[in-house]
Amino acid sequence: AQSVTQPDIHITVSEGASLELRCNYSYGATPYLFWYVQSPGQGLQLLLKYFSGDTLVQGIKGFEAEFKRSQSSFNLRKPSVHWSDAAEYFCAVGTNAGSSNTGKLIFGQGTTLQVKP
Amino acid sequence: KAGVTQTPRYLIKTRGQQVTLSCSPISGHRSVSWYQQTPGQGLQFLFEYFSETQRNKGNFPGRFSGRQFSNSRSEMNVSTLELGDSALYLCASSLDRQTVGYTFGSGTRLTVV
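All values derive from a computational prediction rather than experimental measurement.

Trainee: Would you mind showing me how to read the overall build of chain A here?
Mentor: When its secondary structure is counted, chain A shows zero helices and 12 strands. Taken against the 2.2 N^0.38 rule, which gives 13 Å for 117 residues, the C-alpha radius of gyration of chain A at 14 Å falls within 12% of a compact globule. By its C-alpha atoms, chain A is 45 × 30 × 25 Å across when sized along the principal axes. When the 117 residues of chain A are sorted by exposure, 47% land in the buried category. The contacts of chain A with a sequence gap of at least 6 include a subset with a gap of at least 24, amounting to 55%.

As structure tokens, then:
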């Protein structure tokens, strides 16, 4: 069955420290992978996506993620966290049927990031 | 370039009523997907519309329905509202079914009392 697991429900880091949010997926075909961020009461903002090519993907706001097929992982990283990064982060896998996307994203349960001053 | 617009932002309805939510995708985007977000179940896929046709559907009861118009705007309808339907409903648009990328709106917060 297709699924996404974010093992850490809540993470607290100090401002300026590095960050890694974990994501593991289960999907039979080559996955399309996404990281989204959500601030309270807001929609989802796309941080980065992977669908082919270089396994290290650069996104907005200084975030990057690395696709590791052997580990079925797509972890999100940032070298130095800012207080404004406090939010909820979602990893998702996009499903496809043949050459078409299905419009369906399967989301992990999310990781809430708290940043200490 | 305007983003994905969802209206209304907030809605309070009484159990048993029905509700219609609206989503205007990014100009030129033809695929629209809907999601329900609740604290207990997280983000769950409702359905996807492309070229005015429902192409994919999640595991929700028939009380949840939607449609897409020729200008790609989409509406979703929930009939006979239950308390458990209280959620943030998010709409996402994509250029087409080959492009990898979904842009989300800010959502409609539905409260059923």
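Trainee: What is the right way to read the overall build of chain B from this model?
Mentor: Of regular secondary structure, chain B possesses zero helices and 11 strands. For chain B, the succession of helices and strands along the chain, N to C, is β-β-β-β-β-β-β-β-β-β-β. Against the compact-globule benchmark of 13 Å for 113 residues, chain B has a radius of gyration of 13 Å, which places it among compact chains. The C-alpha extent of chain B, read off along each of the three principal axes, is 40 × 25 × 25 Å. For chain B, with 113 residues in total, the buried portion stands at 50%. Counting contacts in chain B only where the partners sit at least 6 residues apart, residues at least 24 apart contribute 54% of the total. Split by element, the accessible area of chain B, about 5,200 Å² in all, is 46% carbon and sulfur.

Trainee: Would you take a moment to explain the pattern of salt bridges for this structure?
Mentor: When the charged atoms of two side chains lie near each other, side chains of opposite charge can form a pair. Residues and elements named next belong to chain A. This structure, assessed with the given rule, holds eight salt bridges over all chains. Between Asp8 and Arg22 there is a salt bridge, with its nearest N and O atoms 2.9 Å apart. Placement of the pair is Asp8 in the loop between β1 (3–5) and β2 (10–14) and Arg22 in the loop between β3 (19–21) and β4 (24–26), with a sequence separation of 14 residues. The class for Arg22 is partly exposed, based on a relative accessible area of 39%. Here Glu64 ties to Arg77 by a salt bridge, and the two come within 3.2 Å at their closest N and O atoms. Here Glu64 is found in strand β8 (residues 64–68), whereas its partner Arg77 is found in strand β9 (residues 73–78), with 13 residues between them in sequence. Since its relative accessible area comes to 23%, Arg77 is described here as partly exposed. A single network of salt bridges, built from pairs that share partners, joins Glu64, Glu66 and Arg77.

Trainee: What am I meant to see in the state of the cysteines here?
Mentor: As used here, a disulfide is simply a covalent bond connecting the sulfur atoms of two cysteines. Taken as a whole and judged by the stated rule, the model has two disulfides over all chains. The residue that forms a disulfide with Cys23(A) is Cys91(A), at a sulfur-sulfur distance of 1.9 Å. Where Cys23(A) bonds to Cys91(A) through sulfur, the torsion about that S-S bond is close to -65°, and the disulfide is left-handed. With Cys23(A) in the loop between β3 and β4 and Cys91(A) in strand β10 (residues 87–97), this pair connects stretches of sequence that are 68 residues apart. Under the relative-accessibility criterion, Cys23(A) is labelled buried at 0%. Paired through a disulfide, Cys23(B) and Cys91(B) show a sulfur-sulfur distance of 1.7 Å. The disulfide joining Cys23(B) to Cys91(B) has a torsion of about -45° about its S-S bond and is therefore left-handed. Here the residue Cys23(B) occupies a position in strand β3 (residues 19–24), and Cys91(B) occupies one in strand β9 (residues 87–94), the gap between them amounting to 68 residues. With a relative accessible area of 0%, Cys23(B) lands in the buried category. Taking relative accessible area as the criterion, Cys91(B) reaches 0% and is therefore assigned buried.

Trainee: Where do I start with the packing of aromatic side chains in this structure?
Mentor: The relation between two aromatic rings is expressed through the spacing of the ring centres and the mutual angle of the planes. Under the criterion given, the structure shown has 16 aromatic pairs over all chains. Ring centres of Tyr36(A) and Phe107(A) lie 6.1 Å apart, and the angle between their planes is 50°; on these two criteria the pair is classed as tilted. Of this pair, Tyr36(A) sits in strand β5 (residues 32–38) while Phe107(A) sits in strand β11 (residues 100–107), and the two are 71 residues apart along the sequence. By the ring-pair criterion, three or more aromatic residues cluster together here, those being Phe34(A), Tyr36(A), Phe90(A), Phe107(A), Tyr35(B), Phe45(B), Tyr102(B) and Phe104(B).

Trainee: Please clarify how the layout of surface pockets should be interpreted in this entry.
Mentor: Gaps between atoms show up when a probe of the same size as a water molecule is rolled over them. Taken as a whole, the largest pocket holds about 340 Å³ of empty space. Gln38(A), Glu88(A), Phe90(A), Gln37(B) and Pro39(B) are, among the 15 residues lining the largest pocket, the residues nearest its centre. Looking at the lining of the largest pocket, the elements that each hand over two or more residues are β10 of chain A together with β4 (31–38) of chain B. Among the elements that line the lining of the largest pocket, the one with the most residues is β10(A), at three residues. By residue class, the composition of the lining of the largest pocket is five nonpolar, eight polar and two charged. Here the second largest pocket is characterised by a volume of approximately 240 Å³. The wall of the second largest pocket is formed by 13 residues, among which Gln41(B), Leu43(B), Gln44(B), Phe45(B) and Phe60(B) lie closest to the centre. Among the elements that line the lining of the second largest pocket, the one with the most residues is β11(A), at four residues. Looking at the lining of the second largest pocket residue by residue, the class counts come to six nonpolar, six polar and one charged.

Each value, and the rule that gives it
- Residues numbered from 1 in each chain as written.
- Chains lettered and ligands numbered in written order.
- Predicted model: local features only at pLDDT ≥ 70, side-chain atom pairs only at ≥ 80, totals over all residues.
- Heavy atoms only, no water.
- Helix = DSSP H or I, 4+ residues; strand = E, 2+ residues; numbered from the N terminus.
- Rg over C-alpha atoms; globule rule 2.2 N^0.38 Å.
- Buried < 20%, exposed > 50% of the residue type's maximum accessible area, 1.4 Å probe, protein only.
- Contact = heavy atoms within 4.5 Å.
- Areas by Shrake-Rupley, 256 points an atom, 1.4 Å probe, with all protein chains shown as cover.
- Salt bridge = Lys/Arg side-chain N within 4 Å of Asp/Glu carboxyl O.
- Disulfide = S-S within 2.5 Å.
- Phe/Tyr/Trp six-rings, centres within 6.5 Å; stacked < 30°, edge-to-face > 60°.
- 1 Å grid on protein atoms, 1.4 Å probe; cavity = no way out; pocket = protein on both sides within 12 Å on 5 of 7 lines; lining within 4 Å.
- Points joined across faces, edges and corners; volume = space filled by probe spheres on them.
- Nonpolar A, V, L, I, M, F, W, Y, C, P; charged D, E, K, R; others polar.

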